[in-house]
Amino acid sequence: MAKKIVIMNGSPRLNGNTAELIREFTAGAEENGHTVIRFDLDRMNIHGCKGCLCGGKNPDSPCVQKDDMEKVYPEYKSCDLLVLASPMYYWGISGQLKCAIDRLFAVTESDPKWATPKQNVVLLMASEGNSAENNAPVLDYYHSLLNFLGWQDCGSIIAGGVLRLGDIKGHAALDEARKLGKSI
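Cut-offs used in this document
Residues numbered from 1 in each chain as written. Predicted model: local features only at pLDDT ≥ 70, side-chain atom pairs only at ≥ 80, totals over all residues. Heavy atoms only, no water. Axes fitted to C-alpha atoms, helices over the stretch in contact; angles between N-to-C directions. Helix = DSSP H or I, 4+ residues; strand = E, 2+ residues; numbered from the N terminus. Left-handed = near helix turned anticlockwise from the far one by under 90°. Contact = heavy atoms within 4.5 Å. Nonpolar A, V, L, I, M, F, W, Y, C, P; charged D, E, K, R; others polar. Phe/Tyr/Trp six-rings, centres within 6.5 Å; stacked < 30°, edge-to-face > 60°. Buried < 20%, exposed > 50% of the residue type's maximum accessible area, 1.4 Å probe, protein only. 1 Å grid on protein atoms, 1.4 Å probe; cavity = no way out; pocket = protein on both sides within 12 Å on 5 of 7 lines; lining within 4 Å. Points joined across faces, edges and corners; volume = space filled by probe spheres on them.

A word on the packing of helix H1 (residues 17–31) against helix H6 (residues 172–183). At a minimum axis separation of 6 Å, H1 and H6 run at an interaxial angle of 35°. Judged by the sense of rotation from one axis to the other, the crossing of H1 with H6 is right-handed. Note on element contacts: H6 touches H1 through Ala-173, Leu-174, Ala-177, Arg-178, Leu-180, Gly-181 and Lys-182, opposite Glu-20, Leu-21, Glu-24, Phe-25, Ala-27, Gly-28, Ala-29 and Glu-31. When grouped by side-chain class, the residues that make up the contact of H1 with H6 number eight nonpolar, two polar and five charged.

Attention shifts here to the packing of aromatic side chains. Using the criterion set out here, one finds three aromatic pairs in the structure. For the pair Phe-105 and Trp-114, a centre-to-centre distance of 5.4 Å together with 75° between the ring planes defines the contact as edge-to-face. Residue classification places Phe-105 among the partly exposed residues on the basis of a relative accessible area of 32%.

Before going further, it helps to spend a moment on the layout of surface pockets. Approximately 330 Å³ is the volume attributed to the largest pocket. Along the wall of the largest pocket there are 17 residues; nearest its centre are Pro-87, Met-88, Tyr-89, Glu-128 and Leu-163. Those elements that place two or more of their residues in the lining of the largest pocket are H1 and strand E4 (120–127). Looking at the lining of the largest pocket residue by residue, the classes come out as eight nonpolar, seven polar and two charged.

Tracing the backbone through its elements, the reader meets Phe-39 in strand E2 (residues 35–40). Counting along the chain gives 30 residues from Phe-39 to Asn-9, while the straight-line C-alpha distance between them is 5.8 Å. If near-sequence neighbours (up to four positions away) are discounted, Phe-39 is found in contact with Val-6, Ile-7, Met-8, Asn-9, Met-44, Lys-71, Val-72 and Glu-75.

Right, here's the structure in full:
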């Protein structure tokens, strides 16, 4: 059965190492007939969460801020799989991705019990470092996010040793990303 996959790309490089992981994942997913929607967050007008707790009054437009998250919300609420894609910045996800994740809280506020929509989630990440110790902080964050939101982990790929543009060419993680996309 075809699925709807939403990719939130937190990389500022549209043709960088993270984008290559996304391309391979997307190719694998599309081979199986899935629909993939990609949001390049750095190219969107998305403001940080104000922490106002005033969202959720309108499920179709849940946040009081009216910016490009309006494009993300309906796709997020209706997707079968959410892909969080980012370069690793200081042992975490990029600010662009973190900002968008924070803004998803407005959707949670739309539920009378403040229940976060259940999601199946994948993490795709490019990283300069290439060790378990390097990856541990971001994986801790990722798994904590999933645990607290009640989301289901469907896989994570961290392509280590890829700092400069193009370093990912020939990296084994590209094949892993395609296989993961195809396995959905």
